[in-house]
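Take a look at the letters that make up each chain.
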Amino acid sequence: MDKFRIALTMTRLILMASLTFAAGACQAMPAPVPMSCPVVRSIDWQAWVNAMPGPNMQPRLIAIGKVTVPTGGYSFRWGEPRVMESYPVQVSVELHPVPPAGPATQALTTHEVRGEWPMRPPVGALTVTCGGRILGHVSPVESAH
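The structure contained in this document is the topic of the report that follows. Since we're looking at a predicted model, the values are computed, not measured. (Residues numbered from 1 in each chain as written. Predicted model: local features only at pLDDT ≥ 70, side-chain atom pairs only at ≥ 80, totals over all residues. Heavy atoms only, no water.)

This part covers the pattern of salt bridges. Tallying each qualifying case throughout the model produces three salt bridges. Between Asp44 and Lys66 there is a salt bridge, with its nearest N and O atoms 3.7 Å apart. Here Lys66 lies in strand β2 (residues 60–69) and Asp44 lies in strand β1 (residues 41–50), a separation of 22 residues in the sequence. Each of Arg60, Arg114 and Glu116 takes part in salt bridges that share partners, so that together they form one network. (Salt bridge = Lys/Arg side-chain N within 4 Å of Asp/Glu carboxyl O. Helix = DSSP H or I, 4+ residues; strand = E, 2+ residues; numbered from the N terminus.)

Looking now at the nonpolar core. Soluble globular proteins tend to pack their nonpolar side chains together in the buried interior. Counting 25 residues, the largest nonpolar core has Trp45, Leu61, Trp78, Leu126, Val128, Leu135 and Val141 as the members making the most contacts within it. Looking at this core, the elements that each hand over two or more residues are β1, β2, β5 (89–98), β6 (109–118), β7 (123–130) and β8 (133–138). Not counting residues up to four positions away in its chain, the partners in contact with Trp45 are Ile64, Gly65, Val67, Trp78, Val113, Val128, Leu135, Gly136 and Val138. (Core = buried A, V, L, I, M, F, W, Y, C linked by side-chain atoms within 4.5 Å. Buried < 20%, exposed > 50% of the residue type's maximum accessible area, 1.4 Å probe, protein only. Contact = heavy atoms within 4.5 Å.)

Looking at the secondary structure, you find Thr129 in strand β7. Beyond its immediate sequence surroundings of up to four residues, Thr129 is in contact with Arg82, Ser92, Val93, Glu94, Leu95, Ile134 and Leu135.

Here four strands make up an open sheet; going across it, the order is β6-β2-β1-β9 and the pairing mixed. Looking at the sheet topology across the chains shown, the edges are occupied by β6 and β9 (142–144). Put simply, the sheet's adjacent strands are angled 25° from each other on average, direction ignored. Alignment of β1 against β9, held across three bridges, turns out to be parallel. Bridge pairing links Asn50 to Ala144 in β9. (Pairing = 2+ DSSP bridges. Axes fitted to C-alpha atoms, helices over the stretch in contact; angles between N-to-C directions.)

Here it is, written out as C-alpha cells:
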C-alpha cells in the first residue's frame, strides 16, 4: 500500500509540474516592438557638392548610397538636412523608409537611394541616419566645380 501511495503521489507531482510548465508555455508572447529603422544593411555612401556654373545653377549637396530592407515594396523619403555650426559645416540628414502598403515580396531587397539639397560649399562631412542609427558617414565631402 505504501508503494502505491508513493507512486500515486509521484504521479500527481509530475502531472502538476507538467501542467504548470504547459500553462507557462501557453502564455501569450509580447508583441514585437516595431523597428524604428528597418534597414538591415547600408553600404557605398558617397556625397559631393555640385557647384557647377551655369544659368540659374545653385550649389547642391548630393548623397547616394545603398540600403537593404526586409521586404520589397519600400519607398524612401528624406528629412530636412541639419547643418551644424562649424567650418566647414557638418550636415546630418535622416532617411525615412516607407513600408509597402500592400502585399510585398518577402525577401531582402536592396535599393539605391539619392538625395539632393541646396547647400553652399564647403561641406566637411555628411552623416545619414535612420531611426537614431548612423547608416553612413562621408568625410570629406568634395565639391565639383
